[in-house]
Amino acid sequence: MQIDWSKITWFAPEEFDDPNHPGSHTLMDARSIIALNQLREATGWGIITHNKHGLRGCVCVDKTGHSSKSLHYPPHCNAVDFHFDCTVDAREQAMRVLRSGFAGIGIYYDWHWNNDRLSVGFHVDLRKRPQVWTRKKGQYLYILE
């Protein structure tokens, strides 16, 4: 599925690039970009993808930095790491992400951005089998087994 960028209101293609590989957003699953755009539209809250500032939180061409089966890697490339640019309570943010239609959802309270700890950050993806998780003291805790 090719993406029609004229219908993506809230994001630019480079926000999904691997920062080491300009133009790699073309590897990204269009459904993820569309769903993230819909989440932004529904909430009215800004979304900062973690590729935006040189992090590898969307497409990762070189298979390093994530687990070996990561959905950030080609050929899948349907995962996005992001945080909202808002002051809304972390629980409300998490509830909106849980209702977003993504099948894989990671809720992280240990991420940093610009040297500040985020109240909450998210990983979303389009895996086939739904899964929700968080991380506490470096250990992953899976809500759905």
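Residues numbered from 1 in each chain as written. Predicted model: local features only at pLDDT ≥ 70, side-chain atom pairs only at ≥ 80, totals over all residues. Heavy atoms only, no water.

## As for the overall build of the chain
A count of helical and extended segments in the chain gives two helices and eight strands. If you list the helices and strands of the chain from N to C, you get α-β-β-α-β-β-β-β-β-β. For 145 residues, the compact-globule estimate of 2.2 N^0.38 gives 15 Å, and the chain sits close to it at 14 Å. Within the chain, counting contacts between residues at least 6 apart in sequence, those at least 24 apart form 60% of the total. Counting every atom, the chain has about 8,200 Å² of accessible surface; 50% of that belongs to carbon and sulfur. Looking at charge distribution, the chain has the averaged site of its 17 positive side-chain charges lying 8 Å from that of its 16 negative ones. (Helix = DSSP H or I, 4+ residues; strand = E, 2+ residues; numbered from the N terminus. Rg over C-alpha atoms; globule rule 2.2 N^0.38 Å. Contact = heavy atoms within 4.5 Å. Areas by Shrake-Rupley, 256 points an atom, 1.4 Å probe, with all protein chains shown as cover. Lys, Arg positive; Asp, Glu negative; His and termini not counted. Charge placed at Lys NZ, Arg CZ, Asp CG, Glu CD.)

## Focus on helix α1 (residues 30-43)
With 14 residues, α1 extends 20 Å between its outermost C-alpha atoms, agreeing within 8% with the 20 Å of an ideal straight helix rising 1.5 Å per residue. Structurally, α1 contributes buried residues whose contacts are with β1 (46-49), β2 (80-85) and α2 (90-98). A positive backbone phi angle near 80° is found at glycine 44, which sits one or two residues after α1. (Expected span 1.5 Å × (residues − 1).)

## Points about the sheet that holds strand β7 (residues 131-136)
One open sheet holds the six strands; their spatial order is β1-β2-β6-β3-β7-β8, and the pairing between them is mixed. Edge positions in the sheet fall to β1 and β8 (139-142), since each has one partner strand and no second. Neighbour-to-neighbour, the strand axes of the sheet open up by a mean angle of 30°, direction not taken into account. The pairing of β7 with β8 spans four bridges and is classified as antiparallel. The partner of arginine 135 across the bridge, within β8, is tyrosine 140. Each of β2, β3 (104-108), β6 (121-125) and β7 touches α2; the most contacted strand, β6, lies at about 5° to it. (Pairing = 2+ DSSP bridges. Axes fitted to C-alpha atoms, helices over the stretch in contact; angles between N-to-C directions.)

## So, the confidence of the model for the chain
On average, the chain scores 92 in pLDDT, and the residues at 70 or more come to 97%. Within the chain, strand β4 (residues 112-113) has the poorest average pLDDT of any element, 86, and α2 the best, 98. (pLDDT = per-residue confidence, 0-100.)

## What to know about the pairing of β1
Burial of the side chains of β1 extends over both faces: Gly46 and Ile48 are buried on one face and Ile47 and Thr49 on the other. Pairing of β1 with β2 involves four bridges; the strand directions are antiparallel. Pairing of isoleucine 48 across the sheet is with histidine 83, part of β2. (Buried < 20%, exposed > 50% of the residue type's maximum accessible area, 1.4 Å probe, protein only.)

## Quick word on the pattern of salt bridges
One pass over the full model with this rule turns up four salt bridges. The closest approach of N and O atoms between arginine 31 and aspartate 29, which form a salt bridge, is 2.7 Å. Taking the relative accessible area as the measure of exposure, aspartate 29 reaches 16% and is therefore buried. One salt bridge in this structure joins aspartate 110 and arginine 135, with 2.8 Å as the shortest N-O distance. Here aspartate 110 is found in the loop between β3 and β4, whereas its partner arginine 135 is found in strand β7, with 25 residues between them in sequence. According to the relative accessible area criterion, aspartate 110 is partly exposed, its value standing at 26%. (Salt bridge = Lys/Arg side-chain N within 4 Å of Asp/Glu carboxyl O.)

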